[in-house]
Each structure stands twice: as structure tokens, then as C-alpha cells.
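# Coordinates in review
In case you want the letters, here they are:
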Amino acid sequence: MEKIEHTQRNNASQRSQNKILELKNISKSFDKGEVLRNINLYVRQGEFLTLLGPSGCGKTTLLRIIGGFEAPTSGQVFFNGKDITSLPPYMRQVNTVFQHFALFPHMNVYENIAFGLNIKKLPRDEIRRKVTDILALTGLSGFEKRSISRLSGGEKQRVAIARALVCEPSLLLLDEPLGALDLKLRKSMQLELKNMHKKLGLTFVYVTHDQEEAMMLSDTIVVMKDGVLQHIGTPEDIYNEPSNAFVADFIGESNIFPGTYLGDNRVRFADVEFSCLPHPFEAGESVDVVVRPEDIELSRRESHISGVVTSSVFMGVHYDIRVLDDNGHEWLVQSTKTPGEGRRTYLTIGEDCIHIMPKERT
Ligand SMILES: Nc1ncnc2c1ncn2[C@@H]1O[C@H](COP(=O)(O)OP(=O)(O)O)[C@@H](O)[C@H]1O
Ligand SMILES: [Mg+2]
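### Digging into the overall build of the protein chain
Helix and strand counts for the protein chain stand at 9 helices and 20 strands. Overall, the C-alpha framework of the protein chain stretches about 75 × 45 × 40 Å when taken along its three principal axes. Taking all 362 residues of the protein chain together, the buried fraction comes to 49%. In the protein chain, once contacts between residues fewer than 6 apart in sequence are set aside, the share between residues at least 24 apart is 66%. For the protein chain, the separation between the mean place of its 43 positive charges and that of its 47 negative charges on side chains is 9 Å.

What follows is the structure in C-alpha cells.
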């Protein structure tokens, strides 16, 4: 865990040092076993933090623990330094947009959004002002009187988000809120969410299994696997220096090989010995090696790896080029130029493009 904490603390893009939320040694077991294991994590004031991982890794369970809908088996939740582990949801300054949100079908858009403010018994004109502001912010101006049944999926999702935002929670939890939308709508809602976060200065904890969505939205990404945190960092950190092969693979397409660190800035993988940057591994230690497809250079000049192009597909900006090397390893290369299918080619990898990492933590 220490390495993970360190990464997060070095995160330069944070706006504030205040930890609004802190999870200490959170574990959770259901009848069939442990689904969260010793989670240590903090969220800073104003941060957009995303829990990212494959389906079933425990994202929703962790979010429900933060919201107070689920109690951890062990560990504590702190809010602004105060232990809130046993506080019920309605006593937390937290609002949640659930994955399967439910709007009140018999109320119109205005009434749905105003609901929480009415419960708080705010003055009528204050409610009107707040709802009008949030309608504008979520692109719903003019929809006040529309009934819920006459909204599209994207409009309903906006109402659900507006309803949570209007109460100005210190912390907003969002569980895959865009999951049900089609690609184009999802993209435009992502931009809007990012703008809303910026304008309102609220703290967001967001859950998704979509790495691209996590990349474009977040200040900080927390990668999870099987209930264990794998990496905490900025999108750039996680892409450029993934903590292990699982993270590298989950975050983007990669060439991943088992290898051996040889000492003296040498590493062996894919049956070839390479120069690499200095690493704190023991000579002879087993490692995973990741090479991003865009970091491989193809040329006609002889180089450490020789192979034949087995496929070459134009992707719009670059080609996805598969190369089978003479030792039987397959490589994915991304390049704006292609040698063409069936051609012999040589692969060159700069020493700073060879990412060596410990075997993943489980
Ligand atoms: N109430 C529950 N009872 C039993 N098992 C649960 C419950 N909620 C979640 N789980 C299990 O916990 C694991 C993590 O689930 P979840 O947090 O929903 O993952 P994610 O949101 O990342 O898809 C899964 O194996 C799921 O089946
Ligand atoms: Mg979930």
C-alpha cells in the first residue's frame, strides 16, 4: 500500500490539500467471500476521482460504503477528519447518483429536481432560483413542466444528475451514470459533467469500467482488481507508468511480456536482451514488461527484433499493425505509416519505452 499512497500524494494536479474523505483499512465480505481488501484511499476537496476496474471488482460496493448504504466489515470512513463509519446515509453530506436511478414518475422535471429542497423546507423563491440555475447548468432549461415519461434516456439522466447537484452536496457519488447512454450522447454528457464539476467546485467520486471515460474526466484514477487497489494516480501517471501489467493492459492496448531483470540496466523479454533505464530490481528477478504500441518504431534497417507483418488495419489516424517476430512473439505496433501486410520489418524500442514492473498484486 505504501507505494500507492506515495503516488497519490505526489499528484501535482490537485487543487487543495484538504482531505474531504478518507478510507482507512476498509474491507468488506459477503457470504461468498471478501470483495474489498484493505482499501486505503483519500479524496481531496474539489477533486474528480474515479474508481476504475472491470465489472465485479468492487466499485459499487466501495461507493455504497462511502454513501453509508453498506457497512464495511472492518475499517473506517472519515469525512473532514470525523469518523462517520456508523452514520446513516441521510446524515452524511453526500449525494449519490445510482447506476439504476429512479425518478418520480408522477412528478414533472421541476418537481423531481426540487424534491430534496422541499424536504429541507427551503423558502419557495430560493428553491425556484436554485432549480432554475441547475436546469441551465444541465441543459434542461425549458423542460420544467415536461413529464418524466416524455424524456429521452439522456434527458432522464440529466434530471437525475440535476436532482443530486441541486442539494449542493459536499461530495457527489456517481455510479456509472452514463452507462445506459449511446456512445455519442455519452461523449457529450462526459464533457458536460466535466464542465459542471469545474463550475461548481464540488468533489466527485465517479465509478466506471470505461478507461477512456476515466481518462477524460478524472484528476485522479484509482484502478481496482478483485477488491484490491492496483494504482492511484493522474491519468498521465497511470498511462505512462502503470504499476503493473494488469493496469497497463486495462488502461490501453499494450504489448506485455514476462521477463527477467538482468541487472546493470539490462532486461530480457521476448527472447531478446534490451537496454533499459535503471530499476530497483534484483538481478535475476522475474518482472512484467510493457511496451506501448505507439512506442515501437518499424524500419527496414536491421534491429534487435525481426518479423513479418501479419495484418495492417487503418484506424482513422494510425494503422494497427500486427507483427509476428522470428521467435514466435506477436507485437502490436501503432504507426501513421505501414510496411504493408506480408512485409519483413524490424522493430526498435527506445530504452525509455520499456516499462518494467513487478508482477501484479492480488
Ligand atoms: N449485497 C451483496 N451480497 C452479496 N454479494 C455482493 C453484494 N453486492 C455485491 N456483491 C458481490 O461483490 C462483488 C463486487 O460487486 P460490485 O461492488 O457490484 O462490483 P462492480 O461495481 O465493480 O461491478 C461481486 O462479486 C458481487 O457479486
Ligand atoms: Mg457496479
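### Here's the deal with helix 4 (residues 124–137)
Taking 1.5 Å of rise per residue, the 14 residues of helix 4 would be expected to cover 20 Å, and the 20 Å separating its terminal C-alpha atoms lies within 8% of that figure. Within helix 4, the full set of buried residues consists of Ile127, Lys130, Val131, Ile134, Leu135 and Leu137. Taken around the axis of helix 4, the buried residues stretch over an arc of 160°, which confines them to a single face. Tucked into the core, helix 4 has its buried residues touching helix 3 (109–119), helix 5 (153–165) and helix 6 (183–200).

### Here's the deal with the packing of helix 3 against helix 4
It is at 10 Å that the axes of helix 3 and helix 4 come closest, and there the two elements cross at 125°. Classed by the angle they form, the pair helix 3 and helix 4 counts as oblique. For the element pair helix 3 and helix 4, the recorded crossing hand is right-handed. Contacts between helix 3 and helix 4 involve Val109, Tyr110, Ile113, Ala114, Leu117 and Asn118 on the former and, on the latter, Ile127, Arg128, Lys130, Val131, Ile134 and Leu135.

### With respect to the site of ligand 1
Residues in close proximity to ligand 1 include Phe30, Lys32, Val35, Pro54, Ser55, Gly56, Cys57, Gly58, Lys59, Thr60 and Thr61, which together make up its full environment. A distance of 3.2 Å separates an oxygen atom of ligand 1 from a polar atom in the backbone of Cys57. One of the backbone N or O atoms of Gly58 is found 3.1 Å from an oxygen atom in ligand 1. Protein contact buries 62% of the 560 Å² of open area that ligand 1 shows by itself. Top contributing element to the shell around ligand 1 by residue count: helix 2 (residues 59–67), with 3 residues. Among the residues making up the shell around ligand 1, the classes are represented as 4 nonpolar, 5 polar and 2 charged.

### Thoughts on the nonpolar core
Within the largest apolar cluster, 36 residues are counted, with the highest numbers of intra-cluster contacts made by Val109, Ile113, Val131, Ile161, Leu165 and Phe204. Of all the elements in the fold, those that place two or more residues in this core are helix 3, helix 4, helix 5, strand 7 (171–175), helix 6 and strand 8 (203–208). Here this core gets 6 residues from one element, more than from any other, and that element is helix 5. Ignoring any residue separated from it by four or fewer positions in sequence, one finds Val109 in contact with Leu135, Phe143, Glu144, Arg146, Ile148, Leu151 and Val159. Residues Phe79, Ile84, Val205 and Val207 belong to the second largest nonpolar core, which totals 27 residues.

### Things to note about the side chain of Thr203
In this structure, Thr203 sits in strand 8. With relative accessibility at 0%, the residue Thr203 sits in the buried group. The contacts of Thr203, once residues within four sequence positions are left out, are Ile20, Val43, Arg44, Gln45, Gly46, Glu47, Ser170, Leu171 and Leu172.

### Describing the pattern of salt bridges
This structure, assessed with the given rule, holds 12 salt bridges. Here Lys19 ties to Glu22 by a salt bridge, and the two come within 3.7 Å at their closest N and O atoms. On the basis of relative accessible area, Lys19 is assigned to the partly exposed category, the value being 34%. The shortest N-O distance in the salt bridge between Lys28 and Glu70 comes to 3.9 Å. On the criterion of sequence distance, the pair formed by Lys28 in strand 1 (residues 19–30) and Glu70 in the loop between helix 2 and strand 4 (74–79) is long-range, its members being 42 residues apart. With a relative accessible area of 22%, Glu70 lands in the partly exposed category. Residues participating in the shared-partner salt-bridge network are Lys28, Arg64 and Glu70.

### Notes on the sheet that holds strand 1
Spatial strand order, 2-1-4-5: 4 strands in an open sheet with antiparallel pairing. Of all strands in the sheet, those bounded by a partner on one side alone are strand 2 (33–44) and strand 5 (82–83). Alignment of strand 1 against strand 2, held across 8 bridges, turns out to be antiparallel. Paired with Glu22 across the strands is Tyr42, a residue of strand 2. Sheet contacts for helix 2: strand 1, strand 2 and strand 4; angle to strand 1, the most-contacted strand, approximately 125°.

Reading guide: rules and limits
- Per chain, residue numbering runs from 1 following the sequence as it is written.
- Both sets of labels track the order of writing: A upward for chains, 1 upward for ligands.
- Residues qualify for local features only when their pLDDT is at least 70, as the model is predicted, and side-chain atom pairs are given and counted only at 80 or more; totals for whole chains, interfaces and linings, by contrast, use all residues.
- In computing side-chain properties, one takes all heavy atoms of the structure into account and sets aside hydrogens as well as water.
- To qualify as a helix, a DSSP run of H or I must reach at least 4 residues; to qualify as a strand, a run of E must reach at least 2; elements of each kind are numbered from the N terminus.
- Buried residues are those whose accessible area, probed at 1.4 Å on protein chains only, stays under 20% of the maximum for their type, while exposed residues exceed 50% and partly exposed ones sit between those limits.
- Any two residues whose heavy atoms approach within 4.5 Å at even a single point are treated as in contact.
- The charged-residue count follows a simple rule in which Lys and Arg add positive charge and Asp and Glu add negative charge, with His and chain termini not counted at all.
- Charged groups are reduced to one reference atom each: NZ for lysine, CZ for arginine, CG for aspartic acid, CD for glutamic acid.
- To estimate the expected span of a helix, subtract one from its residue number and multiply by 1.5 Å.
- Picture the helix axis, draw a direction to every C-beta atom, and the arc is the one those directions span.
- An axis is simply a line fitted to the C-alpha atoms; with a helix, the fit covers only the stretch in contact. Between two such axes, the angle follows the N-to-C directions and lies from 0 to 180 degrees.
- Between 65 and 115 degrees an angle is taken as roughly perpendicular, under 35 as roughly parallel, over 145 as roughly antiparallel, and anywhere else as oblique.
- Working rule for handedness: look at the near helix, and if it is turned counterclockwise from the far one by less than a right angle, call the crossing left-handed; if clockwise, right-handed.
- For this description, a residue counts as near a given molecule or strand if any of its non-hydrogen atoms is within 4 Å of it.
- N or O atoms closer than or at 3.5 Å make up a polar contact, with two conditions inside protein: a donor-capable atom paired with an acceptor-capable one, and, for residues adjacent in sequence, both atoms drawn from side chains.
- Residue exposure ignores everything except the shown protein chains as possible cover, and the areas themselves are Shrake-Rupley values with a 1.4 Å probe.
- Under this grouping Gly is polar, as are all residues other than the nonpolar Ala, Val, Leu, Ile, Met, Phe, Trp, Tyr, Cys and Pro and the charged Asp, Glu, Lys and Arg.
- In plain words, nonpolar cores are sets of buried Ala, Val, Leu, Ile, Met, Phe, Trp, Tyr and Cys residues tied together by side-chain atoms within 4.5 Å.
- By convention in these notes, a salt bridge is any Lys or Arg side-chain nitrogen within 4 Å of a carboxyl oxygen on Asp or Glu.
- By the convention used here, strands pair only if DSSP detects at least 2 bridges between them.

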